[in-house]
Amino acid sequence: MSLKEKIDVEKLPHHIAIIMDGNGRWAKEKGHDRLYGHFHGVESVRNIVEGCAELGISYLTLYAFSTENWDRPQDEVTGLMELLVQTIRDEVPTLNKNNIRLQVIGNIGQLPQNAQNELNEAIRETSTNTGLTLIMALSYSSRWEIIDTVQRIGKDIVSGKLKPEAISASTFASYLCTAGFPDPELVIRTSGEYRISNFLLYQIAYSELYFTPTLWPDFRKDDLYQAIINYQSRERRFGKTSEQVS
Ligand code: IPE
Ligand code: IPE
Ligand code: MG
């Protein structure tokens, strides 16, 4: 029985979020510079996006560049931005072929103008696709998002559009950049680090976390299946007792 066959298709997560980590270490192990690792990480992105689409997952969020990653050496940041522009340009036909809709979360206005243009174009060209929604987290961090959300809520209160007492959990969620997307049931982090690094802090309150030592450029469909099988073995209690949820 293959790993894929071990997945219970009735109990698939609707939304998987991945912290794609370990590109630099992967490259270093091979005696190359960090950009070589990022370049090979794109191959994993292709493979995992395809894997999620084949399984019928509805949402996949990929943490590709954090707010804090802007502080990396300038040549790495520039290289990553160029890789982003090139990859989006190359991948739009495949996204369309596989009925995948592209979305982004993060402080997109901080990206170089050509990256913003490329993204907007790809979002527009894939907007009518009805299969997997691929959400790229770019210049994203949860603390940035929450502060940005509070600022926009504040403006709507001042302008009289919103009453403070009308702010519910769903109102708050509707101001986050993930508005309209369900919370991820499963969060995967590669590279053996056991941390969240400012990713979707509000949205992962009840997500199942899966950590693997595999470095991102080595991560393939079978690793994804393994994570889903592990997720399916867990009991999600949401604060209740085991008896209440079984
Ligand atoms: C993840 O790999 C990609 C980004 C954060 C852009 P890293 O570049 O963080 O690789 P390591 O963690 O240094 O190995
Ligand atoms: C998290 O990886 C961000 C992304 C994968 C885009 P980092 O490599 O930036 O995180 P830390 O520094 O190990 O926490
Ligand atoms: Mg890292």
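Please read these numbers as outputs of a predicted model, since none were measured by experiment. (Residues numbered from 1 in each chain as written. Chains lettered and ligands numbered in written order. Predicted model: local features only at pLDDT ≥ 70, side-chain atom pairs only at ≥ 80, totals over all residues. Heavy atoms only, no water.)

With respect to the side chain of Ser141
Locating Ser141 in the fold gives a position in the loop between strand E4 (133-140) and helix H5 (142-158). There is a polar contact of 2.8 Å between the side chain of Ser141 and the side chain of Thr67. When near neighbours in sequence (up to four residues on either side) are disregarded, Ser141 contacts Tyr63, Thr67, Glu68 and Asn198. (Helix = DSSP H or I, 4+ residues; strand = E, 2+ residues; numbered from the N terminus. Polar contact = N/O pair within 3.5 Å; in protein donor to acceptor, adjacent residues only side chain to side chain. Contact = heavy atoms within 4.5 Å.)

Describing the packing of aromatic side chains
As enumerated under the stated definition, the model contains 10 aromatic pairs in all. Geometrically, the ring pair formed by Tyr63 and Phe199 is stacked, given 4.4 Å between the ring centres and 10 degrees between the ring planes. With Tyr63 in strand E2 (residues 59-66) and Phe199 in the loop between strand E5 (186-189) and strand E6 (208-211), the pair connects residues that are 136 residues apart, well separated along the chain. Side by side, Tyr63 and Phe199 carry an identical accessibility label, which is buried. An angle of 20 degrees between the planes, with centres 5.3 Å apart, marks the rings of Trp216 and Phe219 as stacked. Judged by relative accessible area, which is 0%, Phe219 ranks as buried. Among the aromatic residues, ring-to-ring pairing joins Tyr63, Tyr140 and Phe199 into one connected group. (Phe/Tyr/Trp six-rings, centres within 6.5 Å; stacked < 30°, edge-to-face > 60°. Buried < 20%, exposed > 50% of the residue type's maximum accessible area, 1.4 Å probe, protein only.)

With respect to the site of ligand 1
Taken together, Met20, Asp21, Gly22, Asn23, Gly24, Arg25, Arg34, His38, Ala64, Asn69, Arg72 and Leu80 make up the full set of residues adjacent to ligand 1. With respect to ligand 1, the backbone of Gly24 contributes an N or O atom lying 2.9 Å from an oxygen atom. Between ligand 1 and Arg34, the relevant distance is 2.8 Å, taken from an oxygen atom to a side-chain nitrogen or oxygen of the residue. When the free accessible area of ligand 1 is taken as 380 Å², the share hidden by the protein chains comes to 87%. With respect to the pocket detection grid, ligand 1 is positioned in the largest pocket. Within the residue set of the shell around ligand 1, elements represented by two or more residues are helix H1 (23-29) and helix H2 (34-55). For the shell around ligand 1, the leading source of residues is H1, giving 3 residues. (Near = heavy atom within 4 Å. Areas by Shrake-Rupley, 256 points an atom, 1.4 Å probe, with all protein chains shown as cover. 1 Å grid on protein atoms, 1.4 Å probe; cavity = no way out; pocket = protein on both sides within 12 Å on 5 of 7 lines; lining within 4 Å. Sits in = over half its atoms within 2 Å of the grid points.)

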